[in-house]
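Close look at the chain arrangement
If you want the building blocks of each chain, they are given just below.
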Amino acid sequence: MNLAHLPDQPGVYLALAAFLLSAGIYGLIRRRTLIGMLISGELIFSAAALNFMTVNRFMAPNPAVGQIFVLFIMGLAAAEVAIALSIIIAVYRNYRSIHSQELSELNG
Amino acid sequence: MSTFPVSAWLIAAIFGFIVTTTVAGALIAVLSRRIIRSVAGLALCCLGLAGLYYFLNSPFLALMEILIYIGAVCVTIIFGVMLSEPDEVAPAEQRGRERWWGGIALLVSLAIFWGVSRLSLQGRWPAPAPAADGSVQAIGIALLTTYSLPFELISLVLLVAILGALVIARGGRTPS
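In this report, we go over the structure that sits alongside the text. What you see is a predicted model, and the numbers here were worked out from it, not measured in a lab. (Residues numbered from 1 in each chain as written. Chains lettered and ligands numbered in written order. Predicted model: local features only at pLDDT ≥ 70, side-chain atom pairs only at ≥ 80, totals over all residues. Heavy atoms only, no water.)

**A word on the overall build of chain A**
The line we're drawing: Put simply, DSSP H or I for four residues or longer makes a helix, DSSP E for two residues or longer makes a strand, and each gets a number counted from the N terminus. Restricting the calculation to C-alpha atoms gives the radius of gyration, and the globule rule supplies 2.2 Å times the number of residues raised to the power 0.38. Buried, partly exposed and exposed residues are distinguished by accessible area as a fraction of the type maximum, computed with a 1.4 Å probe on protein chains only: under 20%, between the cut-offs, and over 50%, respectively. Contacts were defined at the residue level, with two residues in contact if any of their heavy atoms lie within 4.5 Å. All accessible-area figures derive from a Shrake-Rupley calculation using a 1.4 Å probe, and residue coverage is judged against the displayed protein chains alone. His residues and chain termini do not enter the charge count, which takes Lys and Arg as positive and Asp and Glu as negative. Here the site of a charge means NZ on Lys, CZ on Arg, CG on Asp, or CD on Glu.
Assigned secondary structure in chain A consists of three helices and zero strands. The order of α-helices and β-strands along chain A, N terminus first, is α-α-α. Computed over C-alpha atoms, the radius of gyration of chain A comes to 18 Å, more than 25% over the 13 Å expected from 2.2 N^0.38 for 108 residues, which places it beyond the range of a compact globule. Its C-alpha atoms put chain A at 55 × 30 × 25 Å along the principal axes. The buried share of chain A, reckoned over its 108 residues, is 57%. Counting contacts in chain A only where the partners sit at least 6 residues apart, residues at least 24 apart contribute 54% of the total. As presented, chain A carries roughly 4,200 Å² of accessible surface, and 64% of it is formed by carbon and sulfur atoms. Charged side chains in chain A number 6 positive and 5 negative. The centres of these two groups are separated by 6 Å.

Printed below as a string of structure tokens:
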């Protein structure tokens, strides 16, 4: 396999999207604060968007559709971040902490 | 391509640099203990993703990635970091459970990475279709004709998200 033709093959992009997904899931399990989990969620969003763009570039008949879909993903991610951060600020105001171990009021 | 072999290698080197940037940004975002470094790692990862979108024939989405993710999402998360105290603490009594959870998380994520990348690398993808027009002009026309309803719905979702964020973050605020 010629290294110079690496940008023109879908394998690199797909493996990179899988890496971003697994890194996001690792952070989602491992993180102890709500903002850390939010950042990991953003990584998972990016993995999905990269997958869409790869399939759009190499296997789709109409290359405009995937770009529009990734644009919608970005808009939804921005809305999700706004809502999640306002919830985090409200939680911090009530509990004085955003560590997920200490938010245990509903813990039976 | 064959008449200028140096330029092909140069493009491959830039591509490798962009891939390295993305991987390093994701690792920093996930592994660092201070949240502000983690946000910086996310910004680095998004910069690498913008370069990847450029390689995937979409400079429009590369610019949008920088504008939305680095300019809006990361800055908003930094505001959230400033309004709370999100640093990861390492309490001494939970060290054993912490390591246990870390092992489980590493195992799960490695399994997912192995499975998904093996599936996507070994799958028989169909042959590349003849490329239609994917320019910014085609995107704009499709956004205003075929996808006009989702386009308007996205703007509605953003409006509702802004209002909801204001309402949620406003409650419980004591006038002092």
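**Looking at the interface of chain A and chain B**
Basically, it comes down to this: What gets called buried area is simply the loss in accessible area from a 1.4 Å probe that two parts show on being joined, summed for both. Salt bridges are defined by distance alone: a side-chain nitrogen of Lys or Arg within 4 Å of a carboxyl oxygen of Asp or Glu. Polar contact is the term for a pair of N or O atoms within 3.5 Å; when the atoms are in protein, one must be able to donate a hydrogen and the other to accept it, and sequence-neighboring residues count only if both atoms are side-chain atoms.
Counting from both sides, the interface comprises 70 residues of chain A and, opposite them, 86 residues of chain B. For chain A, the biggest contributors to the area lost against chain B are Tyr-26, Arg-31 and Met-74 of chain A; these three give 10% of the whole. There are zero salt bridges connecting chain A and chain B. Applying the counting criterion to the chain A and chain B interface returns five residue pairs in polar contact (both at pLDDT 80 or more). Of all the secondary structure elements, the ones that give two or more residues to the side of chain A that touches chain B are helix H1 (10–30), helix H2 (34–58) and helix H3 (63–95) of chain A.

**Describing the packing of aromatic side chains**
The way to describe two aromatic rings as a pair is by their centre distance and the angle between their planes. Stated precisely, the cut-off is as follows: Only the six-membered ring of Trp is used, alongside the rings of Phe and Tyr, when aromatic pairs are assigned; centres must lie within 6.5 Å, and planes under 30 degrees apart are stacked while those over 60 apart are edge-to-face, with the rest tilted. By definition, being over a ring means that NZ of Lys or CZ of Arg is both within 6 Å of the ring centre and within 35 degrees of the ring normal.
For the structure on display, the rule yields six aromatic pairs over all chains. Seen in terms of ring centroids, Tyr-13 of chain A and Phe-58 of chain A are 5.9 Å apart; in terms of plane orientation they differ by 40 degrees. Their pairing is tilted. Of the two residues, Tyr-13 of chain A is situated in helix H1 and Phe-58 of chain A in helix H2; the sequence distance between them amounts to 45 residues. By relative accessible area, which is 0% here, Tyr-13 of chain A ends up buried. Residues Phe-15 of chain B and Phe-55 of chain B carry aromatic rings whose centres are separated by 5.1 Å and whose planes lie at 75 degrees to one another, so their mutual orientation is edge-to-face. Here Phe-55 of chain B lies in helix H2 (residues 35–55) and Phe-15 of chain B lies in helix H1 (residues 5–31), a separation of 40 residues in the sequence. What links up through ring pairs into an aromatic cluster is the set Tyr-13 and Phe-58 of chain A together with Phe-15 and Phe-55 of chain B. Across the ring face of Phe-58 of chain A, the terminal group of Arg-57 of chain A is positioned such that the distance to the ring centre comes to 4.7 Å.

**Examining the packing of H2 of chain B against helix H3 (residues 59–83) of chain B**
Residues and elements named next belong to chain B. As a reminder of what qualifies: In this description, a line fitted to the C-alpha atoms serves as the axis of each element, helices being fitted only across the stretch in contact, and the angle between N-to-C directions of two axes falls anywhere from 0 to 180 degrees. Any angle from 65 to 115 degrees is called roughly perpendicular, while one under 35 is roughly parallel, one over 145 is roughly antiparallel, and all others are oblique. Gly is placed with the polar residues, together with every amino acid not listed as nonpolar (Ala, Val, Leu, Ile, Met, Phe, Trp, Tyr, Cys and Pro) or charged (Asp, Glu, Lys and Arg).
Interhelical geometry of H2 versus H3 gives an angle of 175 degrees and a closest axis separation of 8 Å. Considering their axes alone, H2 and H3 lie roughly antiparallel with respect to each other. Contact residues: H2 offers Ile-35, Ile-36, Val-39, Leu-42, Ala-43, Cys-46, Leu-47, Leu-49, Ala-50, Tyr-53 and Tyr-54, while H3 offers Pro-59, Leu-61, Ala-62, Glu-65, Ile-66, Tyr-69, Ile-70, Cys-74, Ile-77, Ile-78 and Val-81. Residue composition of the contact of H2 with H3, by class: 21 nonpolar, no polar and one charged.

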